[in-house]
Amino acid sequence: MDYLANYDEMAPKYKKLGMLIPKKEMIKTKEQIEGIRLAGIINNKVLDEVAKYIRAGMSTLEIDNIVYNKTIELGGIPACLGYEGFPKSCCTSINDVVCHGIPSETVILKPGDIINVDCTTILNGYYADASRMFTIGDISDEAKKLIRVTKESLDLALGILKPYCRLGDIGYQIEHHVKQNGFSVVHEIGGHGVGLEFHEDPYVAHFGKRDTGLVLFPGMVFTIEPMINTKSRKVFLDASNNWTIYTMDGGLSAQVEHTVCITEDGYQILAD
Ligand code: MF3
Ligand code: CO
Ligand code: CO
């Protein structure tokens, strides 16, 4: 069924049960979702290109050049470039950088580093947002475990996605798994609706209680992008650029991000 018609039919039922329901603006049409999926295909190819060339000795500015050039070559636009004044085409976040690292000629990848590259592509006005972890040379066992647990936490969240599940279920899955492994979840930054704009409602917390929060309807498109730290979850903002977020205690941080949509019987990954 048409997602908007389905919303009209089902929203009153959940509302009557006293549950928090999304605004109709949060429901996308199948045509819009197809547009986001096509943007996601390009975004995935851009991240594949990064995977192909990333290596020790490379600067994060060189990664940015790969992202910019591949995105343009494939007919897309890098959404990060100029977004609220962000100066580059992607975020490159190394080791204790939680997110929003700014690509730079002076930041050189070295053996043992872990790095998140976060790209968002605009195609025909549609946005798709995803990030991946990359490892440079041999990394520590702790870093390996961090990346594994971060990916597992996202997979566990995906595992419960289906129509009419709750936003709190996503956060619960992530934080429960992370805590069981002795790591911590960053609370200050979350996932978000995406598709017609870069950041839309709802806000997707990576912690929460089961069976609480917004009810997720078919046609909702959003990111899940847990940021996981080896030590404390506390973070600080780099006041010199007002973008980059670091772990307070210097512990390692990892992140993975997918753009997903709720379908009539489950979910679909639109960018990863
Ligand atoms: N891609 C990031 C996210 O996952 C946002 C980066 S904003 C930028 O939401 F301006 F830093 F690019
Ligand atoms: Co995002
Ligand atoms: Co992103």
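For the structure itself, consult the block above.
All of the points below concern the structure found in this document. The structure presented is a predicted model; accordingly, all values stated were derived computationally and were not measured.

**Quick look at the coordination of the cobalt ion (ligand 3)**
Moving on, step 1. Looking at the cobalt ion (ligand 3), one finds its protein donor set to be D118 (OD), D118 (OD), D129 (OD) and E257 (OE), positioned 2.0 to 2.4 Å from the metal centre.
Moving on, step 2. Seen from the cobalt ion (ligand 3), its six donor atoms lie at angles of 58 to 165°, and the figure they make is irregular.
Moving on, step 3. Residue classification places D118 among the buried positions, given a relative accessible area of 10%.
Moving on, step 4. Look at D129 and you get buried, because its relative accessible area is 2%.

**A few points about the coordination of the cobalt ion (ligand 2)**
Moving on, step 1. Surrounding the cobalt ion (ligand 2) are the protein donor atoms D129 (OD), H192 (NE2), E225 (OE) and E257 (OE), at 2.0 to 2.2 Å.
Moving on, step 2. Around the cobalt ion (ligand 2), the six donor atoms are arranged such that angles at the metal cover 52 to 161°; this shape is classified as irregular.
Moving on, step 3. Along the chain, the residues that donate to the cobalt ion (ligand 2) are spaced as D-x62-H-x32-E-x31-E.
Moving on, step 4. In this structure the cobalt ion (ligand 3) is found 3.3 Å away from the cobalt ion (ligand 2), and D129 serves as a bridging donor for the pair. Pair noted here: D129 is in strand 5 (residues 126-135) and E257 is in the loop between strand 13 (253-255) and strand 14 (258-262), with a separation of 128 residues, a long-range link.
Moving on, step 5. Taking relative accessible area as the criterion, E257 reaches 0% and is therefore assigned buried.

**Quick notes on the site of ligand 1**
Moving on, step 1. Around ligand 1 lies a shell of 14 residues, among which C80, H192, H199, E225 and E257 are the nearest.
Moving on, step 2. At 3.0 Å, a side-chain N or O of H192 approaches an oxygen atom of ligand 1.
Moving on, step 3. Within the side chain of H199, an N or O atom sits 2.8 Å from an oxygen atom of ligand 1.
Moving on, step 4. Protein contact buries 97% of the 330 Å² of open area that ligand 1 shows by itself.
Moving on, step 5. Here the shell around ligand 1 is composed, by residue class, of six nonpolar, four polar and four charged.

**What to know about the sheet that holds strand 12 (residues 245-247)**
Remark on secondary structure: sheet strands pair via backbone hydrogen bonds, oriented parallel or antiparallel.
Moving on, step 1. An order of 3-12-11 is seen for the three strands of this open sheet, with the pairing classed as antiparallel. Taken across any chain shown, the strands that pair with only one partner, and hence form the sheet edges, are strand 3 (97-99) and strand 11 (235-237). Here the strands of the sheet are splayed against their neighbours by 40° on average, with no regard to which way each runs.
Moving on, step 2. Across three bridges, strand 11 lies against strand 12 in antiparallel orientation. Counterpart to L237 in the pairing with strand 12 is I245.

Here is what the cut-offs are and how they apply
Residues numbered from 1 in each chain as written. Chains lettered and ligands numbered in written order. Predicted model: local features only at pLDDT ≥ 70, side-chain atom pairs only at ≥ 80, totals over all residues. Heavy atoms only, no water. Donors = N, O, S within 2.8 Å, 3.2 Å for Na, K, Ca; no water. Tetrahedral: all angles 85-135°; square planar, octahedral: opposite > 155°, others 65-115°. Buried < 20%, exposed > 50% of the residue type's maximum accessible area, 1.4 Å probe, protein only. Helix = DSSP H or I, 4+ residues; strand = E, 2+ residues; numbered from the N terminus. Near = heavy atom within 4 Å. Polar contact = N/O pair within 3.5 Å; in protein donor to acceptor, adjacent residues only side chain to side chain. Areas by Shrake-Rupley, 256 points an atom, 1.4 Å probe, with all protein chains shown as cover. Nonpolar A, V, L, I, M, F, W, Y, C, P; charged D, E, K, R; others polar. Pairing = 2+ DSSP bridges. Axes fitted to C-alpha atoms, helices over the stretch in contact; angles between N-to-C directions.

None of the figures reported here should be taken as evidence of function without further support.
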